[in-house]
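Per-entry structural report
Read off the chains here:
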Amino acid sequence: IGSATVLALSAKYSDKVEIRAGVRNPDKADKLKGIAGITVVKAEIGEEVELPKTLKGVDALFIVTPGIQHRAPITIKTAEVAKAVGVKFIAVVGGTSNLKVASFAAPMAEIAEAISNLGVPYTILKLPMFVENYWAFKDTIVGQSSIFSPVDPTKPFA
């Protein structure tokens, strides 16, 4: 999701704004380094020493919630750091909080509540789990306007 977002931002805004792609290890981000208008920076989610320096001067922050057990506290900490350094808008992408699996739903609900209480304009994107796997359906989406999946088409997809 992060790489796709960077590509989309580059295509539309690389000649208009500075775009930074924050990654844990810039040495492993060669794929991002070649994208027009993108500056790769070290940005460890939840980190409190270097992250404020990295986010200084950033107007809008897109946080991709990691798929790890302690996702809520580090995502919330990143948003708090962003607010403290003057970020004007925060977008957070993560799973939906209405899942029946508490280990996924509870952290997403916690993140949504914390972000909504920061006092910074925000968007929370609640994507279904494994939504990035739907890129595998690209050919049938383009060629047949269809996605073939073992999902009941008469029921909501959440």
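Residues numbered from 1 in each chain as written. Predicted model: local features only at pLDDT ≥ 70, side-chain atom pairs only at ≥ 80, totals over all residues. Heavy atoms only, no water.

1. Re the nonpolar core
Proteins that are soluble and globular tend to have nonpolar side chains buried together. In terms of nonpolar packing, the biggest core is built from 20 residues, with L55, V87, I90 and I111 touching the most fellow members. Among the elements of the structure, helix 3 (51-55), strand 3 (60-64), helix 4 (71-84), strand 4 (89-95) and helix 5 (102-116) are those that each provide at least two residues to this core. If you tally residues by element for this core, the top one is helix 4, at five residues. Counting nine residues, the second-largest nonpolar core is a separate cluster that includes A21, V23, I38 and V40. (Core = buried A, V, L, I, M, F, W, Y, C linked by side-chain atoms within 4.5 Å. Buried < 20%, exposed > 50% of the residue type's maximum accessible area, 1.4 Å probe, protein only. Helix = DSSP H or I, 4+ residues; strand = E, 2+ residues; numbered from the N terminus.)

2. A short note on the pattern of salt bridges
Two side chains carrying opposite charge are able to pair once their charged atoms lie near each other. If you walk through the whole model with that rule in mind, you get seven salt bridges. A salt bridge links D15 to K16, with the nearest nitrogen and oxygen atoms 3.3 Å apart. The two residues D15 and K16 agree in class, both being exposed. Through salt bridges that share partners, E48, K77 and E80 make up one connected network. (Salt bridge = Lys/Arg side-chain N within 4 Å of Asp/Glu carboxyl O.)

3. Some words on a nonpolar patch on the surface
Where nonpolar side chains cluster on the molecular surface, the patch consists of L9, Y13 and V17 and spans about 240 Å² of accessible area. By secondary structure assignment, the location of Y13 is in helix 1 (residues 2-13). (Patch = residues over 30% accessible without salt bridge, like charges linked within 9 Å, V, L, I, M, F, W, Y side chains within 5 Å. Areas by Shrake-Rupley, 256 points an atom, 1.4 Å probe, with all protein chains shown as cover.)

4. Regarding helix 4
Along an α-helix, residues three or four apart share an orientation, since each turn contains 3.6 residues. With 14 residues, helix 4 ought to run about 20 Å at 1.5 Å a step, and its terminal C-alpha atoms sit 20 Å apart, in line with that. The set of residues buried in helix 4 consists of R71, A72, I74, T75, I76, T78, A79, V81 and A82. Backbone geometry just downstream of helix 4 places G86 in the positive-phi region, at approximately 95°. (Expected span 1.5 Å × (residues − 1).)

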